[in-house]
Amino acid sequence: MLSGIPLLPVQASTLAPQVDALYYFIVAVTAFFGILVAILVTAFALKYKDDTGLKVGAPITGSVPLEIGWSLIPFFVAVAIFAWSATIFFQYTRPPENTLEIYSTGKRWMWRFQHLDGQREINTLHVPVGRPVKITFTSEDVLHDLYIPAFRIKADAIPGRYSSIWFEATKTGEYHLFCAEYCGTRHSGMIGTVYVMEPNDYQAWLSNGGVTGGSMQARGEQLFQQLACTTCHLTDGKGRGPSLAGVFGSQVKLTSGQTVIADESYIRESILAPQTKLVDGYQPLMPTFQGLVNEDGVLSLIEYVKSLNGGAGAAQASAAPATAPAQGERR
Amino acid sequence: MSTTAAAASPVTYLNEKTTVASWLLTKDHKRIGLMYMLTVTLAFVVGAVFAGLIRLELATPAGDLLSSDTYNRVFTAHGVAMVFFVLIPVVPAVLGNFVLPLMLGAKDVAFPKLNLLSWYVFILGMTVTFSAIVMGGVDTGWTFYPPFSTEGSDSNVMLAGVGIFITGFSSILTGLNFMVTIHRMRAPGLTWFRLPLFVWALYATSLIQVLGTPVVAITVLMVALERFAHLGFFDPRLGGDPVLFQHLFWFYSHPAVYIMILPPMGAISEVIACFSRKNIFGYSFVAFSSMAIAVFGFLVWAHHIFVAGISPYSAMVFSFLTYAVAVPSAVKTFNWTATLYRGAIWMRAPMIWVFGFLGLFLVGGLTGLFTASLGIDIHIHDTYFVVAHFHYIMVGGAIMGYFAGLHFWWPKMTGRMYNDTAAKTSAVLVFVGFNLTFFPQFILGYLGMPRRYHMYPPEFQVLNVMSTGGAAILAVGYLLPMIYLTYSFFKGEQAGSNPWMATGLEWTTQSPPLPHNFADQPVVTEGAYEYSKREMKVA
Ligand SMILES: [Cu+2]
Ligand SMILES: [Cu+2]
């Protein structure tokens, strides 16, 4: 009937077939109940039709067993759907080890992506097939939402926080990338293309990327010098600020007595609003770098801080705890 | 020629006084109900025109009819007009105002002056909001998410917000009035479990209106303070949290869905009992399911923000509670179906609207199982799937329910009958047009078309064209009642006091009712739907 109109988007990630299987299951369940009620209503309407309006119906007032039955059956069906959904949801929230890290910033009305080696692209995203990729992103202005239907994945880009999504592409090709959270005038123009490539092609693309300014880590290091972070954050820990060696992913004790995990959001907050979560034993001397460094710069700085973790390198998997697709860390 | 001219015609609330002032200063709940009907119909026409513009624009992938800025203002105007000025007031303020005191055997609501004040507050709020639309519009969407609404948008956000803030008080006052009325004004013998289910539904709705509306009012105020005084509630640059707004907004706006759907559900129970000539199957279960929906409806708001950075564990809790709140709605549907069993089903127009309601509400409710699912919602959130889902509930459910109730009580309200065939035709057109408009949107959404898109990739066009075609049929379906009901008001056949041979106190007084409803205080001696004990004869 609808020949030529697909009913599903392309399945191009490891999660897509799982999401679609659950989708088919719910379609089957809802179709069953929907058709059941439709048949009963139609059958009763035809069978008990009375054109005179002068007859009365049977004196039936209800049945407690039936009520209990049709309360419990939908409830258990709902619980089953809930349980299945939750298992898929937890895969969304737990990226595998050793993901390829890519960073992104949404801004009206474009998506900027940065690769660790320093390639930057706008409204296009190149990724290799068969390798888990994690995108960590934020927004420079209002809310946006990074949505790739072929991967069945989306999350809001929220200013002031990092969100992340992960996926493992299973099919090479070109796929839509949409902004799914309304963001003003050219919301529907804030779209792009994801290019899923064979690993070799991806490598070739990386080396042809025309990188200026070095890798993200190198750019971060440069900024670290330029912004004079080095004057306080001495590596031997004797500076006015704490040493940043080994900080990323560690537990940090604050003056308030609380401890926090030094993840991406914490580092970002420490750069832009340093007084909010002060490290125990240090004075509130650090000025804010709000306005002096943009979101891309902050991401490079984070990459640099990550690299200070004893040589494991910037490509190390994120130390942040599993983040929901949707999930930015709360400040 | 109006009936009022007929020499023999008795005094009614319509012909007692006919000056404009007698309407504008009336404290009669029936007149206030009719005034609401005109106001809400006006808002519906405005909202529908904007809907038409949206569908015309989306007939082609390119943005060729409107500019992006205009398109954004158009869908915002559509949402604002429909949600705040049609869906929320339509059944409680129009049908509820008219029939609640009649159903209770009362002379009026508990606070008639307050009731008139609600209408004026509503008019004021509507005037302010609509003037924001006229003076250049608002481009935030009806959801007003910051920081776009506080920092990003340079449209008339504040004026629209103030209008919605004002309108909220109308809703609170009506809810308060109805609650007190139901507690204090019931006729002798009218115990809680003899109340018509429409009254139960209005009671549950009033509870939500009184408890929920202040939250959205405060939220709008916070947006205003942030816009003007730069107090940082929501904007992270001012130290605020944009997701906080979403929590506050949906804490009201999810329960608001039940403000929209509970009263039509109540009306459906009345109509289905009458035209099946039977007791409602499981009366107390239907009554309590309304209350359960009202209470649990307050505990599911965060299902709107699964992808906005809430913790996975709270997402699980909210998803689970959302499934739980689906159960009472399923119970109602099964009870309505069972009510038909061994009935004597009289196929008059109101019943055809009921069948339409059942079909559309069923699809709307069942597709909620997709959106409540954490695994699926990540993919379909903010796509056309969600647009289709909530239109099935709010338009398919609530508006069909309103029309079922309107066609049921119309003879009581006006004393006139309307053309039954025309009314049935309209119900069928709405049902067909609605499905053609919105069913393709489920597929579009799963394919990944985001909502609020002015332009879209060409592969989505076929489904969008179907949707636009359906909207044209839908428009005819909604226009017809305006014609035949207007005709009926002036020229329709006399209805008599009880043309449907219905139970219920409202049918024991004349049509249109006396200015103070009943000549003598009615006394109730049995349950609401004792049709099977009746002997049917045309009154
Ligand atoms: Cu957007
Ligand atoms: Cu909701």
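Residues numbered from 1 in each chain as written. Chains lettered and ligands numbered in written order. Predicted model: local features only at pLDDT ≥ 70, side-chain atom pairs only at ≥ 80, totals over all residues. Heavy atoms only, no water.

(A) Representation of the overall build of chain B in the model. Along chain B, the regular secondary structure elements total 15 helices and 0 strands. Taking 24 Å as the expected radius of gyration for a compact globule of 539 residues, we find that chain B reaches 23 Å, a close match to that expectation. Judged by the C-alpha coordinates and their principal axes, chain B covers about 70 × 45 × 45 Å. Across the 539 residues of chain B, 68% fall into the buried class. (Helix = DSSP H or I, 4+ residues; strand = E, 2+ residues; numbered from the N terminus. Rg over C-alpha atoms; globule rule 2.2 N^0.38 Å. Buried < 20%, exposed > 50% of the residue type's maximum accessible area, 1.4 Å probe, protein only.)

(B) Broad picture of the overall build of chain A. Tallying secondary structure elements over chain A gives 6 helices and 12 strands in all. Against the 2.2 N^0.38 benchmark of 20 Å for 331 residues, chain A shows a C-alpha radius of gyration of 27 Å, more extended than a compact globule. Each of the three principal axes of chain A carries a C-alpha extent, and together these read 95 × 50 × 40 Å. For chain A, long-range pairs separated by at least 24 residues make up 68% of all intrachain contacts whose partners lie at least 6 apart in sequence. Summed over all atoms, the accessible surface of chain A reaches about 14000 Å², with 60% contributed by carbon and sulfur. When the 24 positive and 27 negative side-chain charges of chain A are each reduced to one mean point, those points stand 4 Å apart. (Contact = heavy atoms within 4.5 Å. Areas by Shrake-Rupley, 256 points an atom, 1.4 Å probe, with all protein chains shown as cover. Lys, Arg positive; Asp, Glu negative; His and termini not counted. Charge placed at Lys NZ, Arg CZ, Asp CG, Glu CD.)

(C) Quick peek at the coordination of the copper ion (ligand 2). Residues and elements named next belong to chain B. For the copper ion (ligand 2), the full set of protein donor atoms is His254 (ND1), His303 (NE2) and His304 (NE2), and the range of their distances to it is 1.6 to 2.2 Å. Site description for the copper ion (ligand 2): donor spacing in sequence, H-x48-H-H. Within this pair, whereas histidine 254 is found in helix H8 (residues 242-276), its partner histidine 303 is found in the loop between helix H9 (283-296) and helix H10 (312-340), the two being separated by 49 residues in sequence. In this pair, the class of histidine 254 matches that of histidine 303, namely buried. (Donors = N, O, S within 2.8 Å, 3.2 Å for Na, K, Ca; no water.)

(D) Seen up close, the interface of chain B and chain A. Each side of the interface is counted separately: chain B has 98 residues, and chain A has 92 residues. Surface buried jointly by chain B and chain A totals about 7900 Å² across both partners, of which 70% is contributed by carbon and sulfur atoms. Three residues, B:Phe334, B:Ile378 and B:Tyr446, lead the burial of chain B against chain A; their summed loss comes to 9% of the area buried on that side. Between chain B and chain A we count 27 residue pairs in polar contact (both at pLDDT 80 or more) in total. (Buried area = accessible area lost by both parts, 1.4 Å probe. Polar contact = N/O pair within 3.5 Å; in protein donor to acceptor, adjacent residues only side chain to side chain.)

(E) Here's a closer look at the sheet that holds strand E6 (residues 144-148) of chain A. Residue and element names in this part refer to chain A. Across the sheet, 5 strands lie side by side as E4-E10-E9-E6-E7; this open sheet has mixed pairing. The sheet terminates laterally at strand E4 (124-128) and strand E7 (153-157), the two strands that pair on one side only. Adjacent strand axes in the sheet meet at a mean angle of 20°, parallel and antiparallel pairs treated alike. In terms of strand pairing, strand E9 (residues 173-179) meets strand E10 (residues 192-197) through 5 bridges, oriented antiparallel. Note on E10: the bridge partner recorded for leucine 177 is glycine 192. Sheet contacts for helix H3 (residues 199-207): E4 and E10; angle to E4, the most-contacted strand, approximately 130°. (Pairing = 2+ DSSP bridges. Axes fitted to C-alpha atoms, helices over the stretch in contact; angles between N-to-C directions.)

(F) Region of interest: the domain arrangement of chain A. When the domains of chain A are assigned, the result is domain 1 (100-207) and domain 2 (216-330). Measuring from the centre of the C-alpha atoms in domain 1 of chain A to the corresponding centre in domain 2 of chain A gives 24 Å. (Domains from an automatic or database assignment.)

(G) Molecular detail of empty space enclosed by the protein. Residues and elements named next belong to chain B. One pass over the full model with this rule turns up 6 cavities of 30 Å³ or more. Put simply, the second largest cavity is a space of about 170 Å³. Phe84, Ile88, Thr167, Gly168 and Ser171 are the residues nearest the centre of the second largest cavity, which is lined by 17 residues in total. The set of elements that each furnish at least two residues to the lining of the second largest cavity consists of helix H3 (68-104), helix H6 (157-184) and helix H7 (197-229). Per element, the largest residue contribution to the lining of the second largest cavity is 6 residues, and it comes from H6. The residue inventory of the lining of the second largest cavity, partitioned by class, reads 10 nonpolar, 7 polar and no charged. (1 Å grid on protein atoms, 1.4 Å probe; cavity = no way out; pocket = protein on both sides within 12 Å on 5 of 7 lines; lining within 4 Å. Points joined across faces, edges and corners; volume = space filled by probe spheres on them. Nonpolar A, V, L, I, M, F, W, Y, C, P; charged D, E, K, R; others polar.)

(H) Summary view of the pattern of salt bridges. Residues and elements named next belong to chain A. By the definition in use, this model includes 21 salt bridges over all chains. A salt bridge links lysine 306 to glutamate 101, with the nearest nitrogen and oxygen atoms 3.6 Å apart. Of this pair, lysine 306 sits in helix H6 (residues 295-307) while glutamate 101 is found in strand E1 (residues 100-107), placing the two residues 205 residues apart along the sequence. Considered together, lysine 306 and glutamate 101 belong to a single accessibility category, that of buried residues. For lysine 306, the salt bridge is made with glutamate 303, and the minimal N-O distance between the two is 3.4 Å. Of this pair, lysine 306 and glutamate 303 both sit in helix H6, 3 residues apart, which is roughly one turn of that helix. Accessibility classification places lysine 306 together with glutamate 303 in one group, the buried group. Taken together, the salt bridges that share partners define one network made up of Glu101, Glu264, Glu303 and Lys306. (Salt bridge = Lys/Arg side-chain N within 4 Å of Asp/Glu carboxyl O.)

(I) Main features of the sheet that holds E1(A). Residues and elements named next belong to chain A. With respect to topology, 5 strands assemble into an open sheet ordered E3-E2-E1-E5-E8, the strand pairing being mixed. Edge strands, defined here as strands with exactly one partner in the open sheet, are strand E3 (120-122) and strand E8 (163-168). Across the sheet, the mean angle separating the axes of adjacent strands is 25° when strand polarity is ignored. With 7 bridges joining them, E1 and strand E5 (residues 132-139) adopt parallel strand pairing. In the sheet register, threonine 105 faces E5, and the bridge partner there is threonine 138.

(J) Inspection of the coordination of the copper ion (ligand 1) at higher detail. Residues and elements named next belong to chain A. For the copper ion (ligand 1), the full set of protein donor atoms is Cys179 (SG), Glu181 (O), Cys183 (SG) and His187 (ND1), at a range of 2.1 to 2.6 Å. Coordination at the copper ion (ligand 1) comes from 4 donor atoms whose angles at the metal span 85 to 128°, giving a geometry best classed as tetrahedral. Read from N- to C-terminus, the donor residues coordinating the copper ion (ligand 1) fall into the pattern C-x1-E-x1-C-x3-H. (Tetrahedral: all angles 85-135°; square planar, octahedral: opposite > 155°, others 65-115°.)

(K) Focus on H9(B). Residues and elements named next belong to chain B. When the terminal C-alpha atoms of H9 are compared, their 20 Å separation across 14 residues agrees well with the 20 Å that a helix rising 1.5 Å per residue should span. Residues of H9 that are buried include every one of Tyr283, Val286, Ala287, Ser289, Ser290, Met291, Ile293 and Ala294, and no others. Close packing links the buried residues of H9 with H7, H8 and H10. (Expected span 1.5 Å × (residues − 1).)

(L) Summary view of the packing of H9(B) against H10(B). Residues and elements named next belong to chain B. Direction vectors running N to C along H9 and H10 enclose 155°, while the axes themselves pass 9 Å from each other. As judged from the angle between their axes, H9 and H10 are roughly antiparallel. Viewed along their axes, H9 and H10 form a crossing whose handedness is left-handed. Contact residues: H9 offers Phe285, Val286, Ser289, Ser290, Ala292, Ile293 and Phe296, while H10 offers Val325, Pro328, Ser329, Val331, Lys332 and Asn335. Tallied by class, residues from the contact of H9 with H10 come to 8 nonpolar, 4 polar and 1 charged. (Parallel < 35°, antiparallel > 145°, perpendicular 65-115°, else oblique. Left-handed = near helix turned anticlockwise from the far one by under 90°.)

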